[in-house]
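Single-letter residue listing:
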Amino acid sequence: VQLQASGGGLVQAGGSLRLSCAASGRTFSNYAMGWFRQAPGKEREFVAYITRIGGNTYYTDSAKGRFTISRDNAKNTVYLQMNSLKPEDTAVYYCAAKIVPLYSGTNYYTGRYDYWGQGTQVTVSS
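What am I meant to see in the pairing of strand β5 (residues 45-50) here?
If a strand is regular, its side chains alternate between the two faces of the sheet. Most of β5 is tucked away: 5 of the 6 residues are buried. Bridging between strand β4 (residues 31-38) and β5 involves 5 bridges; their strand directions are antiparallel. Paired with Trp35 across the strands is Ala48, a residue of β5. Linking β4 to β5, which pair antiparallel, is a turn of 6 residues; within it Gly41 sits at a positive phi near 75°. Of the pairings in the sheet, the one linking β5 to strand β6 (residues 57-59) comprises 3 bridges and is antiparallel in character. If you follow Ala48 over to β6, its bridge partner there is Tyr59. Between β5 and β6, which pair antiparallel and follow one another directly, the connecting turn spans 6 residues, one of which, Gly54, has a positive phi of 90°.

In structure tokens form, the structure reads like this:
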């Protein structure tokens, strides 16, 4: 599957952005989806995860209460709504797809992902 992330940009602290990740090439609903980010000089870190059907989500602690991951399987797209942004959220954000069993839970958020998008830059100014 090919993944194309978009929606990044420059925003002031406290603002919002909505990232999108459009998938093509395979059946989107076969994949659980995750968002990751990598800040300059730091390792890539997990941000959010959503199961194949979209009924369950999981977030890193820093994203809880501010970010919301969702998906529209009819549009082959996963979203990351980011509110109350902070300068420390500045990073390149990547979407990733993972083959998991149909009714698997959020415990699959760890481990290897099968496909990655190209990343979209999010910059939060103070």
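Picking up where we left off.
I'm lost on the nonpolar core in this one. Help?
One broad trend across soluble globular proteins is that nonpolar side chains are buried collectively. Within the largest apolar cluster, 30 residues are counted, with the highest numbers of intra-cluster contacts made by Met33, Trp35, Leu80, Met82 and Tyr93. Those elements that place two or more of their residues in this core are β1 (2-6), β3 (17-24), β4, β5, β7 (67-72), β8 (77-82), β9 (91-99) and β11 (120-125). Those residues in contact with Met33, other than ones at most four positions away along the chain, are Leu3, Cys21, Phe28, Ala48, Tyr49, Ile50, Ile69, Arg71, Val78, Ala96 and Ala97. Phe36, Tyr49, Val100 and Tyr113 belong to the second largest nonpolar core, which has 7 residues in total.

Definitions and cut-offs
Residues numbered from 1 in each chain as written. Predicted model: local features only at pLDDT ≥ 70, side-chain atom pairs only at ≥ 80, totals over all residues. Heavy atoms only, no water. Buried < 20%, exposed > 50% of the residue type's maximum accessible area, 1.4 Å probe, protein only. Helix = DSSP H or I, 4+ residues; strand = E, 2+ residues; numbered from the N terminus. Pairing = 2+ DSSP bridges. Core = buried A, V, L, I, M, F, W, Y, C linked by side-chain atoms within 4.5 Å. Contact = heavy atoms within 4.5 Å.

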